[in-house]
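What the coordinates show
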Amino acid sequence: MVRNSLESRRARLMRGAGMAVASFALCVATAEAQTAPAPEPSADEEVVYVTGSRIARSGFDASTPVLVVGAEEVALTGTVNMETLLTTSPQFVAEFNGGPTSNNVPGGNAQVDLRGLGPQRNLVLVNGRRFAIQGPDQTTDLNTIPSALVERVEVVTGGSSAVYGSDAITGVVNFIIRDDFDGVEVSYLHSWDSPTETPTKDLNLTFGGNFANDRGNAVISLGYLTRGSITRAERGDWAQYQLDERCVTPASWSATAPGVLFPGNPSLATCRTAGGIPGMVSGGSGDIPNTRISGLPAASATYTPLYNAAGLGGLTSFGATFEDNGDIRPAVDPTDRYNLGLENYLQIPQERWMLNAFSTFDFNEHVEGYMEFHFSNNTVEMQLAPSNIGADHLIEVDNPYFSPEMQALFAQMDADQPVSQVPTGPVTRTNNPNDGFVRLTLGKRFEQAGDRFNSSERVAWRTAVGFRGDIGDVSEGFLHDLYYDAYYTYARTNTTDLQNGSISRSRFAAALLSAGGADPVCNIFGANMSAACVTAVRINSTNVTHTEMQGAVASISGALFDLPAGPVDFALGVEWREATAKYTPDTFLSSGDVAGFNAGLPTEGSESVREIFGEARVPILSDVTIFDDLALNGAFRYSDYDLEGVGGQWTYSYGVDWRVIEDLTLRAQFQHALRAPNVGELFGGNATNFANLTDPCGAVSTNQTAQVRAVCEATGVPTANVFTGAVQVSSSDLIGYVTGGNPAVGPEESDTFTAGAVVRPSFLPGFVASIDYYSIEIEDAIGVFGGGPGGVLDLCYNVLQDASSTACAAVNRNPDGRIIAPYLISLTNANVGAFETSGIDFAAGYDIDLPFQLFDSGTGLRLDTNWTYVDNLTTTAVQELAATTTSSCLGAFGPSCQEPTPEWKGVSRITFDAGPLSLSVRHRYIGGSTDDRYLLPVRRGQVLNIENFVNPTIDAYHYFDLSFSYDATETLRLHGGVNNVADKDPPVLAGGSQRANTWAGTYDTNGRFFFIGATLKFD
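Since the structure is predicted, the reported quantities are computational estimates derived from the model, not experimental observations.

Quick look at the overall build of the chain now. When you go through the chain residue by residue, the secondary structure sums to 17 helices and 47 strands. Split into buried and exposed, the 1019 residues of the chain put 59% on the buried side. Long-range contacts, defined here as pairs at least 24 residues apart, represent 74% of the contacts in the chain between residues at least 6 apart. Roughly 37000 Å² of accessible area belongs to the chain as shown, and the carbon and sulfur atoms make up 56% of that amount.

The next thing to look at is the side chain of Asn543. Looking at the element boundaries, Asn543 is found in strand S26 (residues 538-563). According to the relative accessible area criterion, Asn543 is buried, its value standing at 6%. In this structure the side chain of Asn543 is engaged in a polar contact, spanning 3.2 Å, whose partner is the side chain of Tyr583. Discounting residues that sit within four places of it in the chain, Asn543 has contacts with Thr495, Thr496, Asp497, Gln499, Tyr583, Thr584, Pro585, Asp586 and Leu589.

Further remarks concern the environment of Val126. By the secondary structure assignment, Val126 is in strand S4 (residues 122-126). Given a relative accessible area of 4%, Val126 falls into the buried group. Residues Val126 and Val150, 24 residues apart in the sequence, show an inter-C-alpha distance of 9.7 Å. Aside from chain neighbours lying at most four places away, what touches Val126 is Phe131, Ile145, Asn174, Phe175, Ile177 and Arg462.

For the rest of this paragraph, the subject is the sheet that holds strand S43 (residues 929-931). Spatial ordering of the open sheet is given by S40-S43-S44, a layout of three strands whose pairing is mixed. One side of each edge strand has no neighbouring strand; the edge strands of this open sheet are strand S40 (892-893) and strand S44 (953-954). Where S40 and S43 come together, two bridges link them in parallel fashion. Bridge assignment links Phe893 to a residue of S43, and that residue is Asp931. Contacting S40 and S43, helix H17 (residues 932-939) runs over the sheet at an angle of about 90° to S43.

Let's shift gears to the state of the cysteines. A full pass over the atoms with the stated rule returns four disulfides. A sulfur-sulfur separation of 2.0 Å characterises the disulfide bridge that pairs Cys796 with Cys808. The sign of the 105° torsion about the S-S bond sets the Cys796-Cys808 disulfide as right-handed. Here Cys796, found in helix H14 (residues 789-800), pairs with Cys808, found in helix H15 (residues 806-809); they are twelve residues apart in sequence, far enough to count as distant. For Cys796, a relative accessible area of 0% corresponds to the buried category.

Here the focus is helix H7 (residues 303-310). Residues spaced three or four apart along an α-helix face the same direction, because each turn holds 3.6 residues. All buried positions along H7 are accounted for by Tyr303, Tyr307 and Ala310. Taken down its axis, H7 places every buried residue within 70° of arc, on the same side. Against the buried residues of H7 lie strand S16 (328-330) and helix H8 (404-416). Gly311 sits one or two residues past H7 and shows a positive phi near 85°.

Think of two packed helices as two axes; the pair is described by the angle between the axes and how far apart they sit. Running from amino to carboxyl end, helix H13 (residues 706-714) crosses H14 at an angle of 130°, the nearest separation of the two axes being 9 Å. Viewed along their axes, H13 and H14 adopt a mutual orientation that is oblique. Here Val708, Val711 and Cys712 of H13 lie close against H14, whose contacting residues are Cys796, Tyr797 and Asn798.

What counts and what doesn't
Residues numbered from 1 in each chain as written. Predicted model: local features only at pLDDT ≥ 70, side-chain atom pairs only at ≥ 80, totals over all residues. Heavy atoms only, no water. Helix = DSSP H or I, 4+ residues; strand = E, 2+ residues; numbered from the N terminus. Buried < 20%, exposed > 50% of the residue type's maximum accessible area, 1.4 Å probe, protein only. Contact = heavy atoms within 4.5 Å. Areas by Shrake-Rupley, 256 points an atom, 1.4 Å probe, with all protein chains shown as cover. Polar contact = N/O pair within 3.5 Å; in protein donor to acceptor, adjacent residues only side chain to side chain. Pairing = 2+ DSSP bridges. Axes fitted to C-alpha atoms, helices over the stretch in contact; angles between N-to-C directions. Disulfide = S-S within 2.5 Å. Arc of directions from axis to C-beta. Parallel < 35°, antiparallel > 145°, perpendicular 65-115°, else oblique.

Written out as structure tokens, the structure reads:
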């Protein structure tokens, strides 16, 4: 594989590092989210460990910027699911397939995406140690994090593999949990949204204390969480319809002026009235309860009389459908489309039981034992519209459910159709001319079988057992203040997905044909599907996923020797880790004989690594003019993997800390990190997935040029079908693709450079600010070719425009030119991509004492603000074709870039404190963004008219939240608030967004949101 020169990039980054340290004007980056950088401890304060380093720090800022979110922010926002709080921080981008709004299957997990580079590229820790993982992708489900026990969250930007190993390629999210407790604490939080009043309830009981003459401490915490469901139908017009983007949306929902037509619309009047919503078509799926037939021959001297006789005069490419009694007629688009929105969950229900236990015991002055235990049972449910089948099937010419005129039409089609193979699940049938069978494309929605329902139960166990303590000194000036820590962790997660409402493809195909001269079991034409038919074709399915991780770490730290400026601190250790994952679908799913939920093959594998790591901090100058403190730092890790594509790998980092004066600290850090492929990427079986994508050869293609037409024809689209509904009517017609693992996949590599400053001006007591620049470059990124199905289609038809290219070879079409099962886009994992992102993080905090008192106490204001400016966010689908496959997703949203990533995003809070009472206002800002289907081609040099796009932009969003806390007594604390006070609806889009016509992970979909809680604590 041809690779970009990573070494040249490193040289460029290090030249930038030198310039940044030399010039304060170039030192820009991050500090903290809802609390500004903590005041610097004095020299005699207790040393602490900061995420991103294994060396204890005292009186000096960390070289790598650390974002800190405290327990107070958890309370003031009514947080019960940690991913929802972190997503509001500007350093994170909403994770598309996780969280409360993810009504996807598989789903039910909660993850965070640091810098928008993928949740698998940031490492989640608890108390500095790896936690339970779930699934073949080996990520941590944040549903296992007890929000009630979170003391703070520390987030490190940039590759930290030298300190923590693989997966810390874009950074580390470290949850610090309260594990030393004396007394009893009961907390309860009740929250609800104003539109539906759907409740979320979170109850926690924590108790602990010392034992054995205070040599030991034990803490046990029990938690129960329940969250109700909200369907799209419950959230009004913007959510309940499956909106079609062939017409503009109302002016009140968009900055786009009404009257702009999407290509292919027949008339403005049709757009303004269709679907019952002014200015928008309420479209949906072409697979409908009464069944739709498409792929019929074009009108001709032979077929026009047959169509007229059968009642199909005026037939269009949208095909035919049936009245309830079974009478056939031409299908009308979009009137006959099925609205998928009503039944789908907008907020998925959740029930979680959790037990956490912590204990420490001092065996003697040199040995402290510690233990952590976690158990959680988390169940989330997804509900989707009834299953559908949109595929080719064989129907007998003399099918008794059709009129004699239709049977005559079928007889003619039987004579004209060529020999072909018709796959229906694992069964393939041959269709020959004049064999008594006709091949039809059926679009059937099995409304009579009920909604699809998936219950995902995830049971996680995790324990950590270790010993730590002081060793002492070898001598006064050499190897002194030594400290050791050795621990073993074991975690296991079992996930069971129970799926109801699926349809067996093979049983359905058989039920359409007669057996032994009897009428076919299924009459799906009209509202005639019987209970016997439902019983014959409906199936339930089960997925089981088992994941284990274990590891052992032993390290020693302390002072290596003394220099005039201070001791040389070091840490040295070894680590072993092993992860295994096994995904077992039942026979329906593994064979592909399922419609309704994605099929997939079994996945099973393991990986292990043995590592040695080290870290050092060398003081250079101290108490010298403009060098109040100057130190260099570095870290390394050598990892030996048992994977053929990885083997032995080095990661490292080095940087500088420079406290110019007490008021000003400068810092810079370079880190080279890696991410080894996970079990899913290595050993994943082929899985079939579907996405809302625009087929460049279909009716709603936005680039209908002669060049695209030529590629469409060369890749199997009949000339007459190019740019018509015969290929794709709208992006609601899903496009399928197949993904799979590759045991030879190698590691991803990244280089991160950060440089910045922390300011604590002595002339302005209580004020602290930081500014940091970050740059992350990732090469050999693991992914499917083209970055996904949308990228492959774009590469083939809009970028490369070469039918013999690898991208075009991955696209399979049926004889009509449709990408429809089993003709799908074929993708596989490889080290093909690259990512780059850079920007500036700002944070500031200011504590102000006010000149009056309330409640016999002083009063004050706390001002905190945290902002990120993104300067660059690019994705390269194929490194070898970087010039033509690089997408700049800065300020974009859509099928390629996913959730919006604006240039500016920020969170600010003003809190008024008066003794026991705190009143707080939070402002959340999300900058504007643009549809990537317009923005990406334009950035590549194409000329497009933005007025040909529906809702091509999202304006900047402002949210305001109010909250309070009140210490009613010494033992009782109350807190509550209202998020999204203005009840602001999310931006309403059509087509490119896959969740309820908006980007539900980024914008508030619950409207005005209330919460009230109480904490009772006593010794």
